Amino acid sequence: MTARADEIAANLDVVRRRIATACAEAGRPEDDVSLVVVTKFFPASDVRVLADLGVTDVGENRHQEAEAKAAECVDLGLRWHFIGGLQSNKAAAVASYADVVESVDRAKLVAPLSRGAHSRGHEVDVLLQVSLDPPGADHRSGADPADLADLAQRVEEAGMLRLRGLMAVAPLGERPDDAFARLAEVREVFVRDHPRATTLSAGMSGDLEAAIRHGATHVRVGSAVLGERPAVK
Ligand SMILES: *Cc1c(COP(=O)(O)O)cnc(C)c1O
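Residues numbered from 1 in each chain as written. Predicted model: local features only at pLDDT ≥ 70, side-chain atom pairs only at ≥ 80, totals over all residues. Heavy atoms only, no water.

You'll find the chain entered in an unreviewed UniProt entry as Pyridoxal phosphate homeostasis protein, with Nocardioides pini given as the organism. In UniProt, the chain has this text filed under Sequence similarities (unreviewed entry): "Belongs to the pyridoxal phosphate-binding protein YggS/PROSC family." (UniProt positions renumbered as here; feature names shortened; annotations may be inferred.)

(A) How the structure looks around the site of the ligand. Surveying the vicinity of the ligand reveals the residues Val38, Lys40, Ile83, Val169, Met204, Ser205, Arg220, Val221, Gly222, Ser223 and Arg229. Here Gly222 contributes a backbone N or O atom positioned 2.8 Å from an oxygen atom of the ligand. In the model, an oxygen atom of the ligand is placed 2.8 Å from a nitrogen or oxygen of the Ser223 main chain. The pocket occupied by the ligand, as judged from atoms lying within 2 Å of grid points, is the largest pocket. Classifying every residue of the shell around the ligand gives five nonpolar, three polar and three charged. (Near = heavy atom within 4 Å. Polar contact = N/O pair within 3.5 Å; in protein donor to acceptor, adjacent residues only side chain to side chain. 1 Å grid on protein atoms, 1.4 Å probe; cavity = no way out; pocket = protein on both sides within 12 Å on 5 of 7 lines; lining within 4 Å. Sits in = over half its atoms within 2 Å of the grid points. Nonpolar A, V, L, I, M, F, W, Y, C, P; charged D, E, K, R; others polar.)

(B) Fine view of the environment of Ala10. Turning to its location among the elements, Ala10 is positioned in helix α1 (residues 3-25). Classification of Ala10 by relative accessible area gives partly exposed; the value is 44%. For the pair Ala10 and Gly27, spaced 17 residues apart in sequence, the C-alpha to C-alpha distance is 26 Å. (Helix = DSSP H or I, 4+ residues; strand = E, 2+ residues; numbered from the N terminus. Buried < 20%, exposed > 50% of the residue type's maximum accessible area, 1.4 Å probe, protein only.)

(C) Representation of the pattern of salt bridges. Under the definition given, this model contains 21 salt bridges. Arg164 is the partner of Asp125 in a salt bridge, and the nearest nitrogen-oxygen pair spans 3.3 Å. Placement of Asp125 in strand β5 (residues 124-129) and of Arg164 in strand β6 (residues 161-167) is noted, with a sequence separation of 39 residues between them. By relative accessible area, Asp125 is classed as buried at 5%. When its relative accessible area of 31% is taken as the criterion, Arg164 is described as partly exposed. (Salt bridge = Lys/Arg side-chain N within 4 Å of Asp/Glu carboxyl O.)

Laid out in structure tokens, this is it:
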């Protein structure tokens, strides 16, 4: 193995153990929680190392980078998760390579996603991104919990999209446990109306334990596996 592969393998081991420990402490079976490794800013060569180490799911947050990397790694058979802010004029293109789009937060995205999935001839899994910011906060990413029911209905009525569940990011400046406790309440209501949409994508390098305590089924982990990213512009 190269030095880089050794480093990634060691980090991955630590993260897998963190997930297992958090599951045990929450009284949940370990296979309740899936790992999505966030590969944004890191090269396709790292994605190959991850696939060799048994990683099946990777996440990207910028369309151009994701599209290029997914094309370069198409032989690996990975599931590509799009987890970033989505522009409606890019949504159809994202649906042409993403297997899961986790960041659907407004109705305008639904038609182009459906169209992209149609032209690819392949259903795309959809998570609705819910905002955990306090109402009235400046930079809300994600839908207001009050808008989820309408958004879910639109996804279910559009062809080629499968509504799978919810995604959220804990806001800065609040204890992740508090934010994820709110998320768990939102999810409980949501799943009542959409009993098959049980995915909950929450938790990153810094807060995956809190997310698992509050029911996450998928954690999205970048820097704890691949190292620090360059500062985001
Ligand atoms: C970058 C990113 C992550 C991973 O963050 P880390 O702190 O590096 O684990 C998870 N979710 C989203 C939406 C991201 O943009």
